[in-house]
Amino acid sequence: QVQLVESGGGLVQAGGSLRLSCAASGRTFSSYAMGWFRQAPGKEREFVAAISWSGGSTYYADSVKGRFTISRDNAKNTVYLQMNSLKPEDTAVYYCNAGPPRATYEYDYWGQGTQVTVSS
C-alpha cells in the first residue's frame, strides 16, 4: 500500500512558477513509476507527466512540454513537478499517482490533489 500527499499548490500570476511535491509512504515507492494528472472544472482528468522508477525516463503531455519538469528523489520518497511559464489554462487540481508502469500512466495509487490557480 502506498499513500500519497501532494503540496505546493496555490495562486500565481500568468508567467510565474510553482513546484508541486508529492510525498509517498510505503516501502515500494522506489520501485514504482510516478505521475501527475490534473482536472480543471467541468473537464476530464488529463495526464500531465510521468517518471520511471529510476528517474531515467520522463514523459509529458504536449501541452506542458518545455514548461514543466518532473523529477523524483527516492531517498526522500518524493516526486516533484516544477511548473514554469504558467498559463491560466493550467488552472486545475493536480493529483500525483504511483504504481507499476502502465501505458496510460493511470497508476494504482492516487493522492487527494492540490489546487493550482493561475491568474491572467
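The structure displayed is predicted, hence computed values, not measured ones.

Caption draft 1: Up close: the side chain of Arg 72. Structurally, Arg 72 can be placed in strand β7 (residues 68-73). It is Asp 73 that comes nearest to the buried, bridge-free Arg 72 among opposite-charge side chains, at 8.3 Å. In this structure the side chain of Arg 72 is engaged in a polar contact, spanning 2.7 Å, whose partner is the backbone oxygen of Tyr 32. At 2.8 Å, the side chain of Arg 72 and the side chain of Asn 74 are in polar contact. In this view, Arg 72 contacts Phe 29, Ser 30, Tyr 32, Ala 33, Met 34, Ile 51, Ser 52, Trp 53, Gly 55, Thr 78 and Val 79; residues no more than four positions away in its chain are not counted.

Caption draft 2: Expanded view of the pairing of strand β1 (residues 3-7). Burial along β1 is one-sided: the residues Leu 4 and Glu 6 are buried and none of Gln 3, Val 5 and Ser 7 is. Examined bridge by bridge, β1 and strand β3 (residues 18-25) share 5 bridges and lie antiparallel to one another. Counterpart to Glu 6 in the pairing with β3 is Cys 22.

Caption draft 3: Inspection of the pattern of salt bridges at higher detail. In this structure the tally under the stated criterion is 5 salt bridges. Residues Arg 38 and Glu 46 are paired through a salt bridge, measuring 2.6 Å at the closest nitrogen-oxygen approach. Looking at Glu 46, the relative accessible area reads 35%, which means it is partly exposed. Overlapping salt bridges, with partners in common, bring together Arg 38, Glu 46, Arg 67 and Asp 90 in one network.

Caption draft 4: The nonpolar core, seen in detail. If you look at the biggest cluster of nonpolar residues, it comprises 35 residues, and the most contacted ones within it are Leu 4, Trp 36, Leu 81, Met 83 and Tyr 94. Put simply, the parts of the chain that give this core at least two residues each are β3, β4 (33-39), β5 (46-51), β7, β8 (78-83), β9 (92-99) and β11 (114-119). Here this core gets 5 residues from one element, more than from any other, and that element is β5. For Leu 81, the residues in contact, after removing those within four places along its chain, are Leu 18, Arg 19, Leu 20, Trp 36, Val 48, Ala 49, Phe 68, Thr 69, Ile 70 and Tyr 94.

Caption draft 5: Highlighting the environment of Ser 30. As for its position among the elements, Ser 30 is in the loop between β3 and β4. Residue classification places Ser 30 among the partly exposed residues on the basis of a relative accessible area of 34%. Sequence-wise, Ser 30 and Gly 99 are 69 residues apart; in three dimensions their C-alpha atoms are separated by 10.0 Å. Excluding its chain neighbours within four sequence positions, the residues that come into contact with Ser 30 are Trp 53, Arg 72 and Asn 74.

Caption draft 6: Spatial organisation of the sheet that holds β8. Overall, antiparallel pairing links the 4 strands, which are arranged β1-β3-β8-β7 in an open sheet. If you trace the sheet from one side to the other, it starts and ends with β1 and β7, each paired once. Looking at each pair of strands side by side, their axes are set apart by 15° on average, direction ignored. Taken together, the 6 bridges between β7 and β8 define a ladder with antiparallel strand orientation. Note that in β8 the partner of Ile 70 across the bridge is Leu 81.

Conventions and cut-offs
Residues numbered from 1 in each chain as written. Predicted model: local features only at pLDDT ≥ 70, side-chain atom pairs only at ≥ 80, totals over all residues. Heavy atoms only, no water. Helix = DSSP H or I, 4+ residues; strand = E, 2+ residues; numbered from the N terminus. Buried < 20%, exposed > 50% of the residue type's maximum accessible area, 1.4 Å probe, protein only. Lys, Arg positive; Asp, Glu negative; His and termini not counted. Salt bridge = Lys/Arg side-chain N within 4 Å of Asp/Glu carboxyl O. Polar contact = N/O pair within 3.5 Å; in protein donor to acceptor, adjacent residues only side chain to side chain. Contact = heavy atoms within 4.5 Å. Pairing = 2+ DSSP bridges. Core = buried A, V, L, I, M, F, W, Y, C linked by side-chain atoms within 4.5 Å. Axes fitted to C-alpha atoms, helices over the stretch in contact; angles between N-to-C directions.

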